[in-house]
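# Structure at a glance
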Amino acid sequence: FTSGGPMGEVLHRLLQDEGVEARPMEIQSWTRENLSVQEEEEDQQFRFDMPGPELSREEWESCLDTIDSVAPSEGFLVASGSLPPGVPADFYGRVAALAGDRGCRMILDSSGEALKAGVERSIYLVKPNLRELGTLAERNEFSADYEREQMEAARDLVRERGPEAVVVSMGSAGAILVTAETKEKIPTPTVPIRSRVGAGDSMVAGIVHGLQEGYEVRDEIETLVR
(Lines give C-alpha, C1' and ligand atoms only; values in the text may rest on other atoms or scores of the structure.)
Protein backbone atom coordinates (compact mmCIF):
# COMPACT_ATOMS: atom_id res chain seq x y z
CA PHE A 1 0.00 0.00 0.00
CA THR A 2 1.05 3.62 -0.52
CA SER A 3 2.18 5.21 2.73
CA GLY A 4 2.61 8.90 3.32
CA GLY A 5 2.46 11.14 6.40
CA PRO A 6 0.91 10.29 9.79
CA MET A 7 -2.06 8.38 8.31
CA GLY A 8 0.28 6.12 6.39
CA GLU A 9 2.11 5.33 9.61
CA VAL A 10 -1.18 4.63 11.41
CA LEU A 11 -2.34 2.30 8.64
CA HIS A 12 0.93 0.38 8.73
CA ARG A 13 0.75 0.02 12.51
CA LEU A 14 -2.86 -1.22 12.37
CA LEU A 15 -1.87 -3.87 9.82
CA GLN A 16 1.05 -4.93 11.98
CA ASP A 17 -1.23 -5.20 15.03
CA GLU A 18 -3.46 -7.60 13.07
CA GLY A 19 -0.48 -9.68 11.97
CA VAL A 20 -0.92 -8.73 8.30
CA GLU A 21 2.29 -8.73 6.31
CA ALA A 22 2.52 -5.44 4.40
CA ARG A 23 4.93 -3.75 2.02
CA PRO A 24 4.46 0.03 2.33
CA MET A 25 5.40 2.10 -0.72
CA GLU A 26 6.51 5.53 0.45
CA ILE A 27 4.99 8.60 -1.22
CA GLN A 28 5.44 12.31 -0.57
CA SER A 29 1.77 13.17 0.07
CA TRP A 30 -0.34 11.94 2.98
CA THR A 31 -2.36 8.73 2.76
CA ARG A 32 -6.02 9.69 2.52
CA GLU A 33 -8.58 9.14 5.27
CA ASN A 34 -12.22 8.26 4.53
CA LEU A 35 -15.12 8.62 6.97
CA SER A 36 -18.40 6.79 7.54
CA VAL A 37 -21.05 8.40 9.75
CA GLN A 38 -24.04 6.55 11.18
CA GLU A 39 -27.01 8.83 11.95
CA GLU A 40 -28.95 6.89 14.57
CA GLU A 41 -32.23 8.86 14.82
CA GLU A 42 -33.30 8.06 11.23
CA ASP A 43 -30.84 5.18 10.78
CA GLN A 44 -29.02 6.71 7.84
CA GLN A 45 -25.43 6.20 6.81
CA PHE A 46 -23.19 8.78 5.16
CA ARG A 47 -19.85 8.02 3.55
CA PHE A 48 -17.21 10.63 2.83
CA ASP A 49 -14.64 9.40 0.31
CA MET A 50 -11.82 11.90 0.11
CA PRO A 51 -9.71 12.36 -3.03
CA GLY A 52 -6.47 10.44 -2.82
CA PRO A 53 -3.07 12.13 -3.00
CA GLU A 54 -1.61 12.74 -6.43
CA LEU A 55 1.18 10.34 -7.28
CA SER A 56 4.14 11.27 -9.43
CA ARG A 57 5.20 9.07 -12.33
CA GLU A 58 8.15 7.89 -10.26
CA GLU A 59 5.83 6.88 -7.40
CA TRP A 60 3.29 4.90 -9.44
CA GLU A 61 6.03 3.21 -11.43
CA SER A 62 7.61 2.24 -8.11
CA CYS A 63 4.27 0.68 -7.15
CA LEU A 64 4.38 -1.45 -10.31
CA ASP A 65 7.94 -2.51 -9.54
CA THR A 66 6.91 -3.51 -6.01
CA ILE A 67 3.91 -5.50 -7.28
CA ASP A 68 6.18 -7.24 -9.77
CA SER A 69 8.56 -8.20 -6.97
CA VAL A 70 5.90 -9.65 -4.65
CA ALA A 71 3.34 -11.11 -7.10
CA PRO A 72 3.03 -14.86 -6.55
CA SER A 73 4.02 -17.33 -9.23
CA GLU A 74 0.68 -19.04 -8.61
CA GLY A 75 -2.47 -18.26 -6.67
CA PHE A 76 -4.27 -14.91 -6.88
CA LEU A 77 -3.47 -11.23 -7.26
CA VAL A 78 -6.26 -8.81 -6.26
CA ALA A 79 -6.43 -5.29 -7.71
CA SER A 80 -9.07 -3.30 -5.87
CA GLY A 81 -10.24 0.28 -5.44
CA SER A 82 -10.04 3.55 -7.33
CA LEU A 83 -6.79 4.92 -8.71
CA PRO A 84 -5.16 8.01 -7.16
CA PRO A 85 -4.84 11.19 -9.23
CA GLY A 86 -1.80 11.10 -11.46
CA VAL A 87 -1.98 7.34 -12.05
CA PRO A 88 -2.81 6.34 -15.67
CA ALA A 89 -6.19 4.71 -16.31
CA ASP A 90 -4.50 1.59 -17.69
CA PHE A 91 -2.62 0.94 -14.43
CA TYR A 92 -4.66 -2.17 -13.61
CA GLY A 93 -4.13 -3.34 -17.18
CA ARG A 94 -0.40 -3.16 -16.51
CA VAL A 95 -0.90 -5.09 -13.26
CA ALA A 96 -2.84 -7.71 -15.23
CA ALA A 97 0.10 -8.05 -17.61
CA LEU A 98 2.41 -8.62 -14.62
CA ALA A 99 0.02 -11.26 -13.26
CA GLY A 100 -0.06 -12.99 -16.64
CA ASP A 101 3.73 -13.05 -16.81
CA ARG A 102 3.84 -14.56 -13.33
CA GLY A 103 1.17 -17.15 -14.03
CA CYS A 104 -1.13 -16.03 -11.20
CA ARG A 105 -4.84 -15.28 -11.56
CA MET A 106 -5.94 -11.66 -11.21
CA ILE A 107 -9.19 -10.52 -9.62
CA LEU A 108 -10.30 -6.95 -10.35
CA ASP A 109 -12.69 -4.79 -8.31
CA SER A 110 -12.63 -1.17 -9.44
CA SER A 111 -14.75 1.43 -11.25
CA GLY A 112 -14.72 3.96 -14.08
CA GLU A 113 -11.93 4.08 -16.62
CA ALA A 114 -9.63 1.95 -14.43
CA LEU A 115 -12.19 -0.87 -14.53
CA LYS A 116 -12.78 -0.52 -18.28
CA ALA A 117 -9.06 -0.66 -19.02
CA GLY A 118 -8.50 -3.59 -16.67
CA VAL A 119 -11.08 -5.90 -18.24
CA GLU A 120 -9.43 -5.53 -21.65
CA ARG A 121 -6.66 -7.78 -20.35
CA SER A 122 -6.77 -11.51 -19.69
CA ILE A 123 -7.86 -11.63 -16.05
CA TYR A 124 -9.49 -14.37 -14.05
CA LEU A 125 -12.45 -12.60 -12.44
CA VAL A 126 -14.02 -9.14 -12.28
CA LYS A 127 -16.57 -8.10 -9.65
CA PRO A 128 -18.66 -5.09 -10.70
CA ASN A 129 -21.84 -3.89 -9.02
CA LEU A 130 -24.84 -2.97 -11.18
CA ARG A 131 -23.63 0.60 -11.73
CA GLU A 132 -20.18 -0.60 -12.75
CA LEU A 133 -21.68 -3.28 -15.02
CA GLY A 134 -23.57 -0.49 -16.75
CA THR A 135 -20.29 1.38 -17.24
CA LEU A 136 -18.68 -1.68 -18.82
CA ALA A 137 -21.72 -2.21 -21.06
CA GLU A 138 -21.67 1.52 -21.98
CA ARG A 139 -25.20 2.13 -20.81
CA ASN A 140 -26.93 3.61 -17.79
CA GLU A 141 -27.00 1.76 -14.49
CA PHE A 142 -28.95 -1.48 -14.61
CA SER A 143 -32.09 -1.73 -12.56
CA ALA A 144 -32.20 -4.75 -10.27
CA ASP A 145 -35.38 -5.82 -12.15
CA TYR A 146 -33.71 -6.38 -15.53
CA GLU A 147 -32.10 -9.74 -14.86
CA ARG A 148 -31.92 -10.89 -18.49
CA GLU A 149 -30.11 -7.71 -19.57
CA GLN A 150 -27.69 -8.02 -16.67
CA MET A 151 -26.91 -11.61 -17.61
CA GLU A 152 -26.32 -10.71 -21.26
CA ALA A 153 -24.07 -7.78 -20.37
CA ALA A 154 -21.97 -10.01 -18.13
CA ARG A 155 -21.87 -12.76 -20.78
CA ASP A 156 -20.68 -10.22 -23.37
CA LEU A 157 -17.77 -9.33 -21.09
CA VAL A 158 -16.70 -12.97 -20.95
CA ARG A 159 -17.19 -13.54 -24.69
CA GLU A 160 -15.65 -10.36 -26.03
CA ARG A 161 -13.18 -9.10 -23.45
CA GLY A 162 -10.73 -10.32 -20.83
CA PRO A 163 -12.29 -11.98 -17.76
CA GLU A 164 -12.94 -15.70 -17.41
CA ALA A 165 -15.68 -15.00 -14.83
CA VAL A 166 -17.91 -12.06 -13.94
CA VAL A 167 -19.50 -11.79 -10.50
CA VAL A 168 -22.04 -8.97 -10.24
CA SER A 169 -22.82 -7.97 -6.66
CA MET A 170 -26.39 -6.71 -6.19
CA GLY A 171 -26.70 -6.19 -2.45
CA SER A 172 -29.93 -7.63 -1.07
CA ALA A 173 -30.79 -9.02 -4.53
CA GLY A 174 -27.87 -11.46 -4.34
CA ALA A 175 -25.26 -11.94 -7.06
CA ILE A 176 -24.92 -12.98 -10.69
CA LEU A 177 -22.21 -15.40 -11.80
CA VAL A 178 -21.33 -15.69 -15.48
CA THR A 179 -18.58 -17.78 -17.07
CA ALA A 180 -18.17 -19.28 -20.54
CA GLU A 181 -20.07 -22.36 -19.35
CA THR A 182 -22.75 -20.97 -17.06
CA LYS A 183 -24.85 -18.01 -16.06
CA GLU A 184 -26.77 -17.99 -12.81
CA LYS A 185 -28.38 -15.65 -10.31
CA ILE A 186 -27.70 -16.61 -6.70
CA PRO A 187 -30.29 -15.11 -4.29
CA THR A 188 -29.62 -13.98 -0.77
CA PRO A 189 -31.89 -14.26 2.30
CA THR A 190 -33.54 -11.17 3.73
CA VAL A 191 -31.58 -9.96 6.74
CA PRO A 192 -31.46 -6.70 8.71
CA ILE A 193 -28.94 -4.27 7.21
CA ARG A 194 -26.50 -2.91 9.77
CA SER A 195 -24.01 -1.34 7.38
CA ARG A 196 -23.08 -1.42 3.69
CA VAL A 197 -19.54 -0.19 4.27
CA GLY A 198 -16.99 -2.60 2.86
CA ALA A 199 -19.62 -5.05 1.56
CA GLY A 200 -18.06 -5.38 -1.88
CA ASP A 201 -14.55 -5.63 -0.47
CA SER A 202 -15.68 -8.33 1.95
CA MET A 203 -17.27 -10.26 -0.90
CA VAL A 204 -14.04 -10.19 -2.90
CA ALA A 205 -12.06 -11.27 0.17
CA GLY A 206 -14.42 -14.18 0.78
CA ILE A 207 -14.25 -15.31 -2.86
CA VAL A 208 -10.46 -15.22 -2.88
CA HIS A 209 -10.22 -17.09 0.42
CA GLY A 210 -12.57 -19.79 -0.84
CA LEU A 211 -10.74 -20.15 -4.15
CA GLN A 212 -7.43 -20.39 -2.34
CA GLU A 213 -8.93 -23.20 -0.25
CA GLY A 214 -9.98 -25.07 -3.38
CA TYR A 215 -13.66 -24.14 -3.68
CA GLU A 216 -15.29 -23.41 -7.04
CA VAL A 217 -16.39 -19.82 -7.69
CA ARG A 218 -20.08 -20.72 -7.71
CA ASP A 219 -19.97 -22.63 -4.42
CA GLU A 220 -18.05 -19.83 -2.71
CA ILE A 221 -20.48 -17.12 -3.85
CA GLU A 222 -23.45 -19.18 -2.66
CA THR A 223 -21.78 -19.53 0.73
CA LEU A 224 -21.12 -15.79 0.94
CA VAL A 225 -24.60 -14.54 -0.02
CA ARG A 226 -26.42 -17.09 2.13
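Our subject is the structure listed above.
Predicted model only: the values in this text are computed from it and were never measured.

Counted under the stated rule, the structure contains 3 aromatic pairs. Taking the centre distance of 6.0 Å and the plane angle of 55 degrees together, the rings of phenylalanine 76 and tyrosine 124 count as tilted. Remark: tyrosine 124 occurs in the loop between helix H4 (112–118) and strand E7 (125–126) and phenylalanine 76 occurs in strand E5 (residues 76–80); sequence separation between them is 48 residues. Judged by relative accessible area, which is 12%, tyrosine 124 ranks as buried. Taking 6.0 Å as the distance between ring centres and 65 degrees as the angle between the ring planes, the aromatic pair formed by phenylalanine 91 and tyrosine 92 counts as edge-to-face. Phenylalanine 91 sits in the buried class, given a relative accessible area of 8%. Residue classification places tyrosine 92 among the buried residues on the basis of a relative accessible area of 6%. An aromatic cluster is defined as three or more aromatic residues linked by ring pairs; in this entry it consists of Trp60, Phe91 and Tyr92.

Right, let's get into the pairing of strand E10 (residues 183–186). Here strand E9 (residues 175–179) runs beside E10; their pairing, made up of 4 bridges, is antiparallel. By the bridge assignment, leucine 177 is partnered in E10 with glutamate 184. Hairpin connection between E9 and E10: a loop of 3 residues separates the two successive antiparallel strands.

The strand order across the open sheet formed by 6 strands is E5-E6-E7-E8-E9-E10, and the pairing between neighbours is mixed. Bordering the open sheet on either side are E5 and E10, each of which pairs with just one other strand. Two elements, E7 and strand E8 (residues 165–169), share 2 bridges in a ladder whose sense is parallel. In the sheet register, valine 126 faces E8, and the bridge partner there is valine 166. Seen against the sheet, helix H6 (residues 147–160) touches E8, E9 and E10 and runs at an angle of roughly 40 degrees to E9.

Together, Leu35, Val37, Phe46, Phe48 and Met50 make up an exposed nonpolar region whose accessible area comes to about 410 Å². When residues of the nonpolar patch are traced back to their parent elements, those giving at least two are strand E3 (35–39) and strand E4 (44–48). With respect to the secondary-structure elements, methionine 50 resides in the loop between E4 and helix H2 (57–70). A relative accessible area of 33% places methionine 50 in the partly exposed class.

What follows concerns the nonpolar core. Core analysis: the biggest nonpolar cluster contains 37 residues, and Phe91, Tyr92, Val95, Met106, Leu108 and Val168 have the highest contact counts within it. The element contributing the most residues to this core is helix H3 (residues 91–102), with 6 residues. If near-sequence neighbours (up to four positions away) are discounted, methionine 106 is found in contact with Leu77, Ala79, Tyr92, Val95, Ala96, Ala99, Ile123, Tyr124 and Leu125.

Before going further, it helps to spend a moment on the pattern of salt bridges. Across all of its chains, the model carries 8 salt bridges by this definition. Between arginine 102 and aspartate 68 there is a salt bridge, with its nearest N and O atoms 3.7 Å apart. In this pair, arginine 102 sits in helix H3 while aspartate 68 sits in helix H2, placing the two residues 34 residues apart along the sequence. For aspartate 68, a relative accessible area of 32% corresponds to the partly exposed category.

Rules used in this analysis
- Residues numbered from 1 in each chain as written.
- Predicted model: local features only at pLDDT ≥ 70, side-chain atom pairs only at ≥ 80, totals over all residues.
- Heavy atoms only, no water.
- Phe/Tyr/Trp six-rings, centres within 6.5 Å; stacked < 30°, edge-to-face > 60°.
- Helix = DSSP H or I, 4+ residues; strand = E, 2+ residues; numbered from the N terminus.
- Buried < 20%, exposed > 50% of the residue type's maximum accessible area, 1.4 Å probe, protein only.
- Pairing = 2+ DSSP bridges.
- Contact = heavy atoms within 4.5 Å.
- Axes fitted to C-alpha atoms, helices over the stretch in contact; angles between N-to-C directions.
- Patch = residues over 30% accessible without salt bridge, like charges linked within 9 Å, V, L, I, M, F, W, Y side chains within 5 Å.
- Areas by Shrake-Rupley, 256 points an atom, 1.4 Å probe, with all protein chains shown as cover.
- Salt bridge = Lys/Arg side-chain N within 4 Å of Asp/Glu carboxyl O.
- Core = buried A, V, L, I, M, F, W, Y, C linked by side-chain atoms within 4.5 Å.

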